[in-house]
Amino acid sequence: MKKFVWGCMLLVVVLFTCMATGIYPVAIVNGSPILARTWKRAEAAAIQFTQTNLIASGRAPIDFALAENVHLLIEARKDALLALIENKLVAKEGDVIVADLDARANERVDAAVRQSVNLKEGAGFLYGLDFNKFRDLILLPQARRDLLRETFEEKKEDFLNWFSTLKAHARVRLLFTPFSWDGERVK
């Protein structure tokens, strides 16, 4: 009986730790997890980017805590999760189209960083991310997509059609979220 009680207590501690640190999956994309902490980070970056753009254009930032803006927060959460799902699909399936996709994307990002004077500071200002997280969440996914898009253009094929088909055939399972996957987007 003591072992059972200790086992239950250990399980509660482990579950609490996982929930508190966000190291539990919120999505499984073709067998690969997206962790809650990654989703929260992407959501916070999207909100920070929106707020920064509003302020820069002379408009007031959005108070996402207000009941009248809850739909905007929900959309930001869905969009952030969709971006992570799409990034996971491109990262996993893009190598079929572009050999060494990750290596080439890393080279492209490194070149952009060398040419930019304020990119690292801009990551914090615009997205509220340190540079390594900015690189992983924003720069590398964009570089992968750019490389794929360019490859499809060279072949005179339709990237968007390929991407749409990729999403439609993906095995995406959302966990611990109020959302669902419809084969194209998070609903």
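Coordinates for the structure precede this section.
A brief structural summary.

Cut-offs used in this document
- Residues numbered from 1 in each chain as written.
- Predicted model: local features only at pLDDT ≥ 70, side-chain atom pairs only at ≥ 80, totals over all residues.
- Heavy atoms only, no water.
- Pairing = 2+ DSSP bridges.
- Helix = DSSP H or I, 4+ residues; strand = E, 2+ residues; numbered from the N terminus.
- Axes fitted to C-alpha atoms, helices over the stretch in contact; angles between N-to-C directions.
- Salt bridge = Lys/Arg side-chain N within 4 Å of Asp/Glu carboxyl O.
- Buried < 20%, exposed > 50% of the residue type's maximum accessible area, 1.4 Å probe, protein only.
- Expected span 1.5 Å × (residues − 1).
- Contact = heavy atoms within 4.5 Å.
- Phe/Tyr/Trp six-rings, centres within 6.5 Å; stacked < 30°, edge-to-face > 60°.

### So, the sheet that holds strand β3 (residues 172-174)
Spatial strand order, β2-β1-β3: 3 strands in an open sheet with antiparallel pairing. Two strands bound the open sheet, and with one partner strand each, they are β2 (32-35) and β3. Across the sheet, the mean angle separating the axes of adjacent strands is 20 degrees when strand polarity is ignored. In terms of strand pairing, strand β1 (residues 25-29) meets β2 through 4 bridges, oriented antiparallel.

### Here we look at the pattern of salt bridges
Scanning all chains against the criterion turns up 12 salt bridges. Between Glu43 and Lys40 there is a salt bridge, with the nearest N and O atoms lying 3.9 Å from each other. Note that Glu43 and Lys40 are positioned in helix α2 (residues 36-56) at a spacing of 3 residues, about one turn of the helix. Exposure remark for Lys40: the relative accessible area of 44% places this residue in the partly exposed category. Close ionic contact of Glu150 with Arg108 constitutes a salt bridge, the shortest N to O distance being 2.9 Å. With Glu150 in helix α6 (residues 131-154) and Arg108 in helix α4 (residues 101-115), this residue pair connects regions lying 42 residues apart in the sequence. For Glu150, a relative accessible area of 33% puts it in the partly exposed group.

### Structural notes on α2
Along its 21 residues, α2 runs 30 Å from first to last C-alpha, staying within 8% of the 30 Å computed at 1.5 Å per residue. When α2 is considered as a whole, its buried residues turn out to be Ala36, Trp39, Ala42, Glu43, Ala45, Ile47, Gln51, Thr52 and Leu54. Residues of α2 that are buried in the fold lie against β1, β2, α3 (70-97), α5 (119-127) and α6. Just beyond α2, the residue with positive phi is Gly58, at close to 85 degrees.

### Focus: the side chain of Lys78
Tracing the sequence through the fold places Lys78 in helix α3. By relative accessible area, which is 15% here, Lys78 ends up buried. Non-local contacts of Lys78, meaning those with residues more than four positions away in its chain, are made with Phe179, Val186 and Lys187.

### Quick word on the packing of aromatic side chains
Per the counting criterion, the structure on display carries 10 aromatic pairs. Their ring planes at 90 degrees and their centres at 5.6 Å tell us that Tyr24 and Phe176 sit as a pair that is edge-to-face. Remark: Phe176 occurs in the segment after β3 and Tyr24 occurs in the loop between α1 (2-21) and β1; sequence separation between them is 152 residues. Given the relative accessible area of 18%, Tyr24 is considered buried. Look at Phe152 and Trp162: their rings are 5.4 Å apart centre to centre, the planes differ by 40 degrees, and that puts the pair in the tilted class. Here the residue Phe152 occupies a position in helix α6, and Trp162 occupies one in helix α7 (residues 159-169), the gap between them amounting to 10 residues. One exposure class covers both Phe152 and Trp162, and it is buried. Among the aromatic residues, those joined into a ring-pair cluster are Phe49, Tyr127, Phe131 and Phe134.

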